[in-house]
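One letter stands for each residue in the lines below.
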Amino acid sequence: MRIGTQLLGQADEQPVTPVPQQGADGTLLAVVPIPGTGTSLAIVGYPVAGPGVAPDEAAASAAEGVRTGLLLDHEQRRVWADGREIVLTFQEFELLAFLSAHPTTVFSRADLVQRVWQRRFTADSRTVDVHVSRLRHKLGPAYGRCLVTEYRVGYMFRPPAG
């Protein structure tokens, strides 16, 4: 999902532009007040075509109500890949959510265990490797490759090109 922004009017005024609702204009994800400015920021999500999906197919899927791309719903703790729900364990979801919230940032295994699960572990543990492997398998070839191994360093999330 691509994230876009739209500047709204003064906090005590009507919005300068209408707030987009779910549909062709995107889905309103949040309205965030900007302290000291009297304005708010609307965060809007737009479905995007995944790797290997033609724009016409993506448009047809969107028209049918099928969302393309990789979508994480943090409130319900659910994940979809091109409209197909992916069932994840608690730790798999936490790892994917953390890495996708910090795209293109490489984290060591120790950093991931400490920051995702708030635990410490010995340097030879393969806990993260196992979770990444399972996530790649569940996400499939199109989105599993978004979990990138940085040799001898750790892992990062690289969003699909699109």
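Structure: above.
Residues numbered from 1 in each chain as written. Predicted model: local features only at pLDDT ≥ 70, side-chain atom pairs only at ≥ 80, totals over all residues. Heavy atoms only, no water.

**Student:** Help me understand the overall build of the protein chain, please; the structure alone is not making it clear to me.
**Tutor:** Assigned secondary structure in the protein chain consists of four helices and eight strands. Counting all 162 residues of the protein chain, 33% fall into the buried class. Intrachain contacts of the protein chain at a sequence separation of at least 6 include 45% that bridge at least 24 residues. Counting every atom, the protein chain has about 10000 Å² of accessible surface; 53% of that belongs to carbon and sulfur. (Helix = DSSP H or I, 4+ residues; strand = E, 2+ residues; numbered from the N terminus. Buried < 20%, exposed > 50% of the residue type's maximum accessible area, 1.4 Å probe, protein only. Contact = heavy atoms within 4.5 Å. Areas by Shrake-Rupley, 256 points an atom, 1.4 Å probe, with all protein chains shown as cover.)

**Student:** Would you mind showing me how to read the environment of Thr149 here?
**Tutor:** In this structure, Thr149 sits in strand β7 (residues 147-150). On a C-alpha basis, the gap between Thr149 and Val132 in space is 9.2 Å, while along the polypeptide they are 17 residues apart. When neighbours within four sequence positions are excluded, Thr149 is seen to be in contact with Arg136, Gly154 and Tyr155. Polar side-chain contacts of Thr149 include one of 2.7 Å to the side chain of Arg136. (Polar contact = N/O pair within 3.5 Å; in protein donor to acceptor, adjacent residues only side chain to side chain.)

**Student:** Would you explain the pairing of strand β5 (residues 78-81) in this entry?
**Tutor:** Note: strand β4 (residues 70-73) against β5, four bridges, orientation antiparallel. Counted as the bridge partner of Leu70 is Ala81 from β5. Hairpin connection of β4 to β5: four residues between the antiparallel strands, including Arg77 at a positive phi of 55°. Both β5 and strand β6 (residues 84-86) contribute to a ladder of three bridges, which runs antiparallel. Bridging from a neighbouring strand, Val79 pairs with Ile86 of β6. Counted between consecutive antiparallel strands, the loop separating β5 from β6 contains two residues, among which Asp82 sits at a positive phi close to 50°. (Pairing = 2+ DSSP bridges.)

**Student:** What is the right way to look at the side chain of Asp129 in this model?
**Tutor:** If you trace the backbone, Asp129 turns up in helix α4 (residues 127-144). The exposure class assigned to Asp129 is buried, which follows from its relative accessible area of 16%. A distance of 3.0 Å separates polar atoms of two side chains, one belonging to Asp129 and the other to Arg126. If we skip the residues at most four places from it in the chain, Asp129 touches Arg109 and Tyr155.

**Student:** What is the right way to read the packing of helix α3 (residues 109-117) against α4 from this model?
**Tutor:** Packed helix pairs are characterised by how far apart their axes lie and by the angle those axes make with each other. Relative orientation of the contacting elements α3 and α4 amounts to 75°, with a least axis distance of 9 Å. Comparing their axes, α4 and α3 come out roughly perpendicular. From α3, Arg109, Leu112, Val113 and Trp117 reach across to α4, where they touch Val128, Asp129 and His131. Of the residues belonging to the contact of α3 with α4, the class tally is four nonpolar, one polar and two charged. (Axes fitted to C-alpha atoms, helices over the stretch in contact; angles between N-to-C directions. Parallel < 35°, antiparallel > 145°, perpendicular 65-115°, else oblique. Nonpolar A, V, L, I, M, F, W, Y, C, P; charged D, E, K, R; others polar.)

**Student:** Honestly, the pattern of salt bridges in this entry has me stumped. Any pointers?
**Tutor:** Where side chains of opposite charge bring their charged atoms close, a pairing between them can arise. Counted according to the given criterion, the structure contains five salt bridges. Where Glu92 meets Lys138, a salt bridge forms, and the shortest distance between an N and an O atom there is 2.7 Å. Placement of Glu92 in helix α2 (residues 90-101) and of Lys138 in helix α4 is noted, with a sequence separation of 46 residues between them. Residues Asp129 and Arg109 are paired through a salt bridge, measuring 2.7 Å at the closest nitrogen-oxygen approach. With Asp129 in helix α4 and Arg109 in helix α3, this pair connects stretches of sequence that are 20 residues apart. (Salt bridge = Lys/Arg side-chain N within 4 Å of Asp/Glu carboxyl O.)

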